[in-house]
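Summary of the model geometry
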Amino acid sequence: MSSTVGIPADLNVLAAHVWPAGVQRSPDTGVVSMHGHDVRELAEQFGTPAYVLDEIEFRDRIRSWKSAFDEATNSTASVYYAGKAFLCSAVVRWLAQEGVNLDVCTGGELAVALRAGFDPAAILMHGNNKSQGELTQAVEAGVGLIVLDSFEEIARLAHIAAQAGKVQAVLIRVTVGVEAHTHEYIATAHEDQKFGFSLAGGQALEAIKRVNKLSALSLQGLHSHIGSQIFNTSGFEVAAHRLTQFLVQVRDECSVELPMLDLGGGLGIAYTPDDDPLAPQVIAQQLIGIVAEQCQVSGLAMPRIVVEPGRAIAGPTTMTIYQVGTIKPIDLDGITRTFVSVDGGMSDNIRTALYDAVYTCSLVSRASAAEPMLVRVVGKHCETGDIVVRDAWLPSDLAPGDLIAVAATGAYGRSMASNYNHVPRPPVVAVTPDASRLIVRRESVEDILALDVD
Ligand code: LLP
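Along each chain, the written sequence defines residue order, and numbers are assigned to residues from 1. At least 70 in pLDDT is required for a residue's local features to be given in this predicted model, at least 80 for side-chain atom pairs to be given and counted, and no such filter applies to totals for whole chains, interfaces and linings, which use all residues. As a convention, hydrogens and water are excluded, and side-chain values are obtained from all of the structure's heavy atoms.

Examining the domain arrangement of the chain
Start and end positions for the domains come from either an automated domain assignment or a database one. Considered domain by domain, the chain is made up of domain 1 (23–54 + 316–450) and domain 2 (76–309). Taking only C-alpha atoms into account, the centre of domain 1 sits 34 Å from that of domain 2. Two parts placed together each lose some accessible area under a 1.4 Å probe, and adding up what both lose gives the buried area. Across the domain 1/domain 2 interface, buried area totals approximately 1,500 Å², and carbon plus sulfur atoms make up 67% of it. Think of a polar contact as two N or O atoms within 3.5 Å of one another; within protein, one of them needs to be a possible hydrogen donor and the other a possible acceptor, and neighboring residues in sequence only count if both atoms come from side chains. For the pair domain 1 and domain 2, the number of links is five residue pairs in polar contact (both at pLDDT 80 or more). Per the convention used, a helix needs a DSSP run of H or I reaching at least four residues, while a strand needs a run of E reaching at least two, with both numbered from the N terminus. Looking at the side of domain 1 that touches domain 2, the elements with two or more residues in it are α11 (351–355), β20 (428–431) and β21 (436–440). Polar here means any residue outside two lists: the nonpolar Ala, Val, Leu, Ile, Met, Phe, Trp, Tyr, Cys and Pro, and the charged Asp, Glu, Lys and Arg; Gly therefore counts as polar. Residues belonging to the side of domain 1 that touches domain 2 are distributed by class as follows: 13 nonpolar, three polar and three charged.

Structure (structure tokens):
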């Protein structure tokens, strides 16, 4: 509010590791562009709010995750992009072109992949409550790996596969008891949550014994996912240690050496200039090193390593462009808080409200030499918690009609968008130096009305 803490030296500087790689600010006009496409023209053509995605960076990220793990393992690891971060036909095609696999967690995500012609053998499906229909859809389509999450599901899937006359390759999701240092709602491998079979409680071993008795299921290995927005590999180190110990136990008690170890996703990205995520090359070297060391100590053959990055591929590639509307300074006992309202909000970015997520934003449609003011960027929804950026520095001459952009909205932005207050969900525009094009169109009020069938 009146504080100068964290005041940026120059509002015009866009921290390169927070904004999509193709984003630049013109030194003359102050206008921001992506690969030469002026944000004002993008806003004119596609409307606001809009997710603007750097297609070159998205593909580069897919490629660098693949090459990092290929290099660290002589091409024996597999990268599965976690489609929950953001999925549409264009993304599916980019994955296929770059030779990266796909992780889905619902029949809906699977349907997107199959309609786009993705090889079902390169798909992995997980989820704690896959329906009979979803499992049947997956088995019939020939999905490569299904991650089993409960005893009921073991029996259900074995039945479905037997009926289809198939042997389904599966992984067992193991709860390793690691508290990842992240928000409670996105940490997934401590004991008190809904995913997987507990290692400490003995359910994981029991699950393996049951699967091994079923001829319609072929057990390939273990799956673990310890959380999201993680900035170092220490949690993975504990997880890998427990998992390799468990592989030894499985070898000794069940006489099988499982060939695959899926460590899940969860690597963090930069939402603010202070965030310093690890590069895929570093992550690959560290994760592979940890597992290799544990295997050597335990006398195990190195399993095929699987990773499932979502946010680290999609997140940094996208910014959301909003138009500024009402600007309202509120006097709070002598201190002024300025609320800057934009034409979207919690329906296109729920992460601030849900996880207290922190974002970076900037005026992108013009230059300004005005003093910075500390504002709260809020949406247009009927809810006090409808906050896009809790504390943002923007120029004090900000005016209705200006465009602002929020960086790093590519993961869990569009994919968690809603129709709250019957607000249509924004489009996703993919930008390359040659073109800007819709890859997901804007929802219309007609789309929303069409669902109302009384
Ligand atoms: N694999 C599994 C089994 C997962 O559950 C997840 C994320 C991923 C991979 C991908 O994780 P990533 O690399 O994207 O962190 N909506 C939350 C994140 C929830 C993630 C759930 N599972 C957010 O907006 O932060």
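Observations concerning the pattern of salt bridges
Put simply, a salt bridge is a Lys or Arg side-chain nitrogen that is within 4 Å of an Asp or Glu carboxyl oxygen. Here the structure, examined in full by the defined rule, presents 19 salt bridges. Asp356 is the partner of Arg390 in a salt bridge, and the nearest nitrogen-oxygen pair spans 3.9 Å. With Arg390 in strand β18 (residues 387–395) and Asp356 in the loop between α11 and β16 (361–363), the pair connects residues that are 34 residues apart, well separated along the chain. Think of it in three bands: with a 1.4 Å probe and only protein chains considered, a residue is buried below 20% of the maximum accessible area for its type, exposed above 50%, and partly exposed in between. Classification of Arg390 as partly exposed rests on a relative accessible area of 35%. Residue Asp356 is classed as exposed on the basis of its relative accessible area, which comes to 53%. Here Arg366 makes a salt bridge to Asp402, at a shortest N to O gap of 2.9 Å. Taken together, the residues span a long stretch of sequence, with Arg366 in the loop between β16 and β17 (372–378) and Asp402 in the loop between β18 and β19 (403–407) at a distance of 36 residues. Residue Asp402 is classed as buried on the basis of its relative accessible area of 8%.

Regarding the site of the ligand
Close to the ligand lie 19 residues, the nearest being Ser228, Glu308, Arg311, Arg351 and Tyr412. Residue Arg311 places a main-chain N or O atom 2.7 Å away from an oxygen atom belonging to the ligand. When the ligand is considered free in solution it has 580 Å² of accessible area, and contact with the protein chains removes 93% of it. Across the shell around the ligand, the residue classes tally to six nonpolar, seven polar and six charged. Shared between two domains, the shell around the ligand takes at least three residues from each, and those domains are domain 1 (23–54 + 316–450) and domain 2 (76–309). For this purpose, a residue is taken to be near a molecule or strand whenever a single non-hydrogen atom of the residue falls within 4 Å of it. The protein chains shown are the only cover counted for residues, whose accessible areas, like all others here, come from Shrake-Rupley with a 1.4 Å probe.

What about unusual backbone geometry?
With omega at -10 degrees, the peptide bond leading from Thr48 into Pro49 counts as cis. Following the sequence through the fold, Pro49 ends up in the loop between α1 (39–46) and β4 (50–54). Although it is not a glycine, His35 adopts a positive phi angle of roughly 45 degrees. Residue placement: His35 occurs in the loop between β2 (32–34) and β3 (37–38). Non-glycine residue Ser75 carries a positive phi angle of around 60 degrees. Take Ser75: it is sitting in the loop between α2 (55–73) and β5 (78–82).

Quick word on the nonpolar core
Buried Ala, Val, Leu, Ile, Met, Phe, Trp, Tyr and Cys residues form a nonpolar core when they are joined through side-chain atoms within 4.5 Å. Of all hydrophobic cores here, the largest spans 110 residues; its most connected members are Phe58, Phe69, Tyr81, Phe86, Ile172, Leu222 and Val377. Per element, the largest residue contribution to this core is nine residues, and it comes from helix α8 (residues 234–254). Composition of this core by domain shows at least three residues from each of domain 1 (23–54 + 316–450) and domain 2 (76–309). Contacts are assigned to residue pairs that have any heavy atoms within 4.5 Å of one another. In contact with Phe86, not counting residues within four places along its chain, are Leu53, Phe58, Tyr81, Val91, Ala314, Gly410, Arg414, Ser415, Val428, Ile439 and Val440. Counting residues in hydrophobic clusters, the runner-up holds 22 residues, among them Val32, Ala43, Met319 and Ile321.

Things to note about the packing of α2 against helix α3 (residues 89–98)
A fitted line through C-alpha atoms serves as each axis, taken over the contacting stretch for helices, and the angle formed by two N-to-C directions is quoted from 0 to 180°. With their axes 10 Å apart at the nearest point, α2 and α3 run at an angle of 40 degrees to one another. Here α2 is positioned oblique relative to α3, judged by the angle of their axes. Along this stretch, α2 crosses α3, giving a crossing that reads as right-handed. Mapping the contact onto sequence places Glu55, Phe58, Arg59, Ile62, Arg63 and Lys66 in α2 and Val91, Trp94, Leu95, Gln97 and Glu98 in α3. For the contact of α2 with α3, the per-class residue count stands at five nonpolar, one polar and five charged. Working rule for angles: under 35 degrees goes down as roughly parallel, over 145 as roughly antiparallel, 65 to 115 as roughly perpendicular, anything else as oblique. Whether a crossing is left-handed or right-handed is set by the direction in which the near helix is turned from the far one by less than a right angle, anticlockwise for left-handed and clockwise for right-handed.

Focus: the pairing of β19
Summarising burial for β19: five of the five residues are buried, a large majority. Burial along β19 is two-sided: the face carrying Leu403, Ala405 and Ala407 and the face carrying Ile404 and Val406 are both buried. Any two strands with at least two DSSP-identified bridges between them are counted as paired. As judged from the five bridges shared by strand β14 (residues 318–332) and β19, these two strands associate in the antiparallel manner. What sits directly across from Gln323, in β19, is Leu403.

Observations regarding the side chain of Lys130
By the secondary structure assignment, Lys130 is in the loop between β7 (123–125) and α5 (132–141). In terms of polar contacts, Lys130 uses its side chain to reach the backbone carbonyl oxygen of Val147, at 2.7 Å. Within the local environment of Lys130, its side chain forms a polar contact with the side chain of Glu153, the two groups lying 3.0 Å apart. When sequence neighbours within four positions are dropped, the list of residues in contact with Lys130 reads Met125, Leu135, Ile146, Val147, Asp149, Glu153 and Arg156.

What about the environment of Phe339?
If you trace the backbone, Phe339 turns up in strand β15 (residues 335–342). Considering only alpha carbons, one finds Phe339 and Asp70, 269 residues apart in sequence, at a separation of 48 Å. The contacts of Phe339, once residues within four sequence positions are left out, are Thr326, Ile327, Lys328, Ile330, Arg376 and Val378.

Let's talk about the confidence of the model for the chain
How sure the predictor is of each residue is captured by pLDDT, a score from 0 to 100. Summing up the model confidence of the chain, the mean pLDDT is 94 and the portion of residues at 70 or higher is 96%. Across residues 183–187, where pLDDT falls below 50, the model places 13 contacts with residues more than four positions away in sequence or in other chains.

A short note on the environment of Val423
Mapped onto the fold, Val423 is located in the loop between β19 and β20. Residues within four places of Val423 in sequence aside, it is in contact with Ser347, His381, Ser418 and Ile448.

Focus on the sheet that holds β2
Taking strand neighbours across the sheet as the criterion, the three strands line up as β1-β2-β3 in an open arrangement whose pairing is antiparallel. A single partner strand is all that each edge strand has here, and the edge strands are β1 (23–25) and β3. Across two bridges, the pairing between β2 and β3 is antiparallel. Among the inter-strand pairings, Met34 is bridged to a residue of β3, identified as His37.

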